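Per-entry structural report
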There are 4 protein chains.
Amino acid sequence: MASNSFYAIVAGVGAGTGGAVARRFAQAYPVVLLSRKPESYSDIVAEIKQAGGQAFGISADTGDAAAVASAFETIQKELPGKKLAAAVYNVGAGRSFRPFLELTVEDLDSSYHSNARGLFNFAQKALPLLLESVNDSPHPPSLIVTGATASLRGSAKFADFAAGKFAKRALAQSLAREFGPQGVHVAHVIIDAVIDIPRTKNYTVNNGAPDGKSSPEALAETYWHLHTQHRSAFTQELDVRPYVEKF
Amino acid sequence: MASNSFYAIVAGVGAGTGGAVARRFAQAYPVVLLSRKPESYSDIVAEIKQAGGQAFGISADTGDAAAVASAFETIQKELPGKKLAAAVYNVGAGRSFRPFLELTVEDLDSSYHSNARGLFNFAQKALPLLLESVNDSPHPPSLIVTGATASLRGSAKFADFAAGKFAKRALAQSLAREFGPQGVHVAHVIIDAVIDIPRTKNYTVNNGAPDGKSSPEALAETYWHLHTQHRSAFTQELDVRPYVEKF
Amino acid sequence: MASNSFYAIVAGVGAGTGGAVARRFAQAYPVVLLSRKPESYSDIVAEIKQAGGQAFGISADTGDAAAVASAFETIQKELPGKKLAAAVYNVGAGRSFRPFLELTVEDLDSSYHSNARGLFNFAQKALPLLLESVNDSPHPPSLIVTGATASLRGSAKFADFAAGKFAKRALAQSLAREFGPQGVHVAHVIIDAVIDIPRTKNYTVNNGAPDGKSSPEALAETYWHLHTQHRSAFTQELDVRPYVEKF
Amino acid sequence: MASNSFYAIVAGVGAGTGGAVARRFAQAYPVVLLSRKPESYSDIVAEIKQAGGQAFGISADTGDAAAVASAFETIQKELPGKKLAAAVYNVGAGRSFRPFLELTVEDLDSSYHSNARGLFNFAQKALPLLLESVNDSPHPPSLIVTGATASLRGSAKFADFAAGKFAKRALAQSLAREFGPQGVHVAHVIIDAVIDIPRTKNYTVNNGAPDGKSSPEALAETYWHLHTQHRSAFTQELDVRPYVEKF
């Protein structure tokens, strides 16, 4: 079965990591882009097509199980006979950075919704498809999950954000241990960085050092490398940060 | 202000750790026991009273913010003028131990509800009271949170359980970093053990070795030690396990 | 066998943690104090005796296997028939805090010598004695090892110091896993603090906050608690730091 | 400056990871192979040359500072005007897997010698050269260090082995934090695997599953990826293991 019989899906696409990962994987596969709003993916879909790739977008809130189920039904219709080679989960609400006593339980729920429940719903639909690709996909079928500094560390004023990120990491670990032996590569990428995107243009990070924010394209190369790892040498977790980042 | 001007509250009380912690802290303070159902705390309340201590129970689901608010109002009425010296959060739903594709999002939600949302609600009510005790409580006011092996490790078939436990740990860390400098001791106890309670009597653990399950009373001594630590030497996290436990 | 049939040994005694631990354990046992130089332990030995306890000191470099062997022979002669209940390893050279390219291999060797080789030599002599006490010591026989922030984190300019501390932690973990099931409690204490001793009197730590340095006596209470833990609930590792310490 | 103005050095070359890394980097650079004995590198040097690459070997014990200094002098003579782009430290003595009380301090010293002192000596010579390459090397100059399962975990009967591996990881972390901001990429690879080499041919690993041992070539691809990461997205640490490995 040729490599154009496979596709990739990237959830959480926008100007940063998700978009760059979609573009990178589009060099090898048709790519489905998933975001809550069309304006998050429409430009990237157009860009991929213009570069000669195949792509389309679907609007869905991954925290909503029915919406995710519906998205995967749409994919099956749009890409009949194609099999899933890679699924990337890059969704995760922004940090609130507020004192704990000013947070509401809705802040916590929102972080949980996008980071943990969303990954859960996405993985429940993606994993059965990835399992079907174990024998013939060009690279081991992969589920790659985006984490953050807060995946490893509950800092002051990051209670809601860290709770969601920790839970997401727990899921990624558990899935790696359950599905790795079945041939699916589940990896967790801890991005310890501000991403270099238009929205962060005016952020002064790392004293304004050149390359002091992570380039989405650079991150995407690492996601691609993870996907291409041989099954005798899977990485479950790695960190990425600018050379000047304190850690 | 004398030590009988202070009280402790233990959420998640039953035959195991929570009950033993309540009994231990009742040697020093009146204790409020919080559980979803009266049958979880009624025996222990009676036991504490019989031993000459003060205790009463309140039924509340900690994952429900309104129920927690109501419980704390009841406490203020029942213990007028008393201040909070220690709050222990020992709630956390049992593990499901099922393959990921057999779980439903309700399993995940349930783990999140009791482990993370419950601690969030409880801490939002307890922390303002603990802050008020910083200057005069007999020991640094403490919020002690119970974790598990799954707080550090997402094992295969523990996706839902680990997600809740990781999120709980994130909260405990973040609260320690925010409230420690204000004088409140937030600690997280990783219990890597089967607890020795009637329900686990027939479990063969650690090849049936004597003391191969953790004694709730032994655990309670460590909770009490954490509460009594001087503010110049707070422990944020420790593990506890039977001597024969593999780790 | 009565508790005065047992003794404790503390290696690495001076004005700080080791001295306070020796004083604390001397409330229950005769204590042997081990340091490279008599001036490190002589005052504390005198202090313990004045308070009605039993103590004596031995000069030895724990990194020197023959010196450690000789020290344990002396102990057997001085305390005939007594058995070892607790051994504390608190030795560890100070940090150099210099850029890596200014360090010499002797700096690294020195950190290794006191932190890792010293613990190795000490444990090889103490563990057989602790094993003999499993059945009758008042508390589970214990080997407690002092670590530092650098046990978990290799910071810039801490290459030599962190290498020794990491190695020491590896030993403590390995010994816990081998000797725990045999009934010996091996614990590792990560002290993330400046200790409040005469030498650090003029250090401004944590903006000069009261109790911003760890009280040796407070630390010693936690060492004692570790020693008294029931074998069904051993702690392998915990951290301790002042409430105001950033982490 | 063209890429053939740069070279790579790999210390700890044999039939496994080191040899495969040397072959992989030889596709881009002349490669210097360092091992204690010529028989460890001579076949690989020949293989690289036959494939059209440039390579030569030097015999040196990295734990011996003078031998390492001499090796780097030889390199400067053999490759006049060339600059160092990548240095890989893959040295580390085998595990003894013996009960602690059967080990001698020489076992510990030996693990320290090859894992920690060796990396220290190697890094002291390599880092000044890597710093000189920051502005013009084809990829950020890199120091990549090989770790093992025992870098993170002190298992029973791995006291000596784990002590060396922990110390090595401490050095790698400290160097990453000191030299990263200067533009040198220091990464640590945790190989949680048996390597698939002639010596392990008859080991039954992971129930004999295909690809149950790590392919050296697969590992080498990940080392190469680390070297090619953009400076805005450096990985400091990652794990690699066969899909069927328990962890």
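These remarks concern the structure in this document.

Cut-offs applied
Residues numbered from 1 in each chain as written. Chains lettered and ligands numbered in written order. Predicted model: local features only at pLDDT ≥ 70, side-chain atom pairs only at ≥ 80, totals over all residues. Heavy atoms only, no water. Helix = DSSP H or I, 4+ residues; strand = E, 2+ residues; numbered from the N terminus. Buried < 20%, exposed > 50% of the residue type's maximum accessible area, 1.4 Å probe, protein only. Contact = heavy atoms within 4.5 Å. Areas by Shrake-Rupley, 256 points an atom, 1.4 Å probe, with all protein chains shown as cover. Lys, Arg positive; Asp, Glu negative; His and termini not counted. Charge placed at Lys NZ, Arg CZ, Asp CG, Glu CD. Buried area = accessible area lost by both parts, 1.4 Å probe. Salt bridge = Lys/Arg side-chain N within 4 Å of Asp/Glu carboxyl O. Polar contact = N/O pair within 3.5 Å; in protein donor to acceptor, adjacent residues only side chain to side chain. Nonpolar A, V, L, I, M, F, W, Y, C, P; charged D, E, K, R; others polar. Core = buried A, V, L, I, M, F, W, Y, C linked by side-chain atoms within 4.5 Å. Least-squares fit on C-alpha atoms with pLDDT ≥ 70 in both. Axes fitted to C-alpha atoms, helices over the stretch in contact; angles between N-to-C directions. Parallel < 35°, antiparallel > 145°, perpendicular 65-115°, else oblique. Left-handed = near helix turned anticlockwise from the far one by under 90°. Expected span 1.5 Å × (residues − 1). Arc of directions from axis to C-beta. Pairing = 2+ DSSP bridges. Right-handed = clockwise from strand over helix to strand, strands pointing away.

Before going further, it helps to spend a moment on the overall build of chain A. When helices and strands are tallied, chain A shows 6 helices and 7 strands. Each helix and strand of chain A, placed in order from N terminus to C terminus, yields the pattern β-α-β-α-β-α-β-α-β-α-β-α-β. For chain A, the C-alpha atoms occupy an extent of roughly 55 × 40 × 35 Å along the three principal directions. Counting across all 247 residues of chain A, residues that qualify as buried make up 62%. Taking the contacts inside chain A whose residues are at least 6 apart along the sequence as the reference set, 72% of them involve residues at least 24 apart. In the structure as shown, chain A presents an accessible area of about 9,000 Å², 48% of it carried by carbon and sulfur atoms. In chain A, 24 side chains carry a positive charge and 23 a negative one; their mean positions are 2 Å apart.

We now examine the interface of chain B and chain A. Taken together, the contact between chain B and chain A spans 39 residues of the former and 39 residues of the latter. For the pair chain B and chain A, the summed buried surface comes to about 3,300 Å²; carbon and sulfur atoms form 67% of the total. Summed over the shared surface of chain B and chain A, the number is 2 salt bridges. B:Arg117 is the partner of A:Asp109 in a salt bridge, and the nearest nitrogen-oxygen pair spans 3.0 Å. Run the count over chain B and chain A and you get 22 residue pairs in polar contact (both at pLDDT 80 or more). No other element matches helix α5 (residues 159-179) of chain B, which puts 14 residues into the side of chain B that touches chain A. Taken together, the residues that form the side of chain B that touches chain A break down as 25 nonpolar, 7 polar and 7 charged.

Moving on, we get to the nonpolar core. Formed by 101 residues in total, the largest nonpolar core has its most connected members in A:Leu143 and B:Leu143. Beyond its immediate stretch of four places on either side in the chain, B:Leu143 contacts B:Ala87, B:Phe122, B:Ala123, B:Leu127, B:Leu130, B:Leu175, B:His185, B:Val186 and B:Ala187.

If you rotate chain B by 180 degrees and push it 0.0 Å along the axis, it lands on chain A with an RMSD of 0.0 Å. Put plainly, the chains are arranged around a two-fold axis. A symmetric contact is evident, with 100% of the interface residues of chain B recurring at the interface of chain A.

This next bit is on the pattern of salt bridges. Close approach of charged atoms allows side chains of opposite charge to pair. Inspection of the entire model under this criterion finds 40 salt bridges over all chains. A network of salt bridges, in which partner residues are shared, links A:Arg23, A:Glu47 and A:Glu217.

Attention now goes to the packing of helix α1 (residues 17-25) of chain C against helix α2 (residues 38-50) of chain C. Two measures define how a pair of helices packs: the angle their axes make with one another and the distance between the axes. Residues and elements named next belong to chain C. Viewed as axis vectors pointing N to C, α1 and α2 meet at an angle of 20 degrees, and their least axial separation amounts to 10 Å. Judged on the interaxial angle alone, α2 and α1 are roughly parallel. Relative to α2, the crossing made by α1 is right-handed. Along its contact with α1, which presents Gly-19, Ala-22 and Arg-23, the element α2 presents Ile-44, Glu-47 and Ile-48. When grouped by side-chain class, the residues that make up the contact of α1 with α2 number 3 nonpolar, 1 polar and 2 charged.

Another point: helix α3 (residues 65-78) of chain C. Residues and elements named next belong to chain C. With 14 residues, α3 ought to run about 20 Å at 1.5 Å a step, and its terminal C-alpha atoms sit 20 Å apart, in line with that. Along α3, the residues that are buried comprise Val-68, Ala-71, Phe-72 and Ile-75. Along the long axis of α3, the arc covered by the buried residues comes to 95 degrees, so they all point the same way. Exposed residues pointing more than 90 degrees away from the buried face of α3 are listed as Ala-66 and Lys-77. Packing partners of the buried residues in α3 comprise β1 (6-11), β2 (31-35), β3 (55-59) and α4 (105-132). At the N-terminal end of α3, a side-chain oxygen is found 3.0 Å from the backbone nitrogen of Ala-66, two or three residues along, and the residue is Asp-64.

This part covers the environment of A:Tyr7. Residue and element names in this part refer to chain A. As for its position among the elements, Tyr-7 is in strand β1 (residues 6-11). In this structure the C-alpha to C-alpha distance between Tyr-7 and Ala-66, which are 59 residues apart in sequence, comes to 22 Å. Leave out the neighbours within four places in its chain, and Tyr-7 touches Tyr-29, Pro-30, Val-32, Ile-75, Gln-76, Leu-79, Lys-82, Lys-83, Leu-84, Ala-85, Ala-86 and Leu-129.

Let us now look at the pairing of strand β6 (residues 185-191) of chain D. All names here are of chain D. With 7 of 7 residues buried, β6 is to be regarded as a mostly interior element. With burial as the criterion, each face of β6 is covered, one bearing His-185, Ala-187, Val-189 and Ile-191 and the other bearing Val-186, His-188 and Ile-190. For strand β5 (residues 142-148) and β6, the ladder comprises 7 bridges, and the chain directions are parallel. Residue pairing in the sheet places Val-145 in a bridge with His-188 of β6. For the handedness criterion, the β-α-β arrangement of β5, helix α5 (residues 159-179) and β6 is classed as right-handed. Sheet topology note: the β6/strand β7 (residues 237-240) ladder contains 4 bridges and is parallel. Bridge assignment links Ile-190 to a residue of β7, and that residue is Asp-239. Handedness of the β-α-β unit built from β6, helix α6 (residues 216-228) and β7 comes out left-handed.

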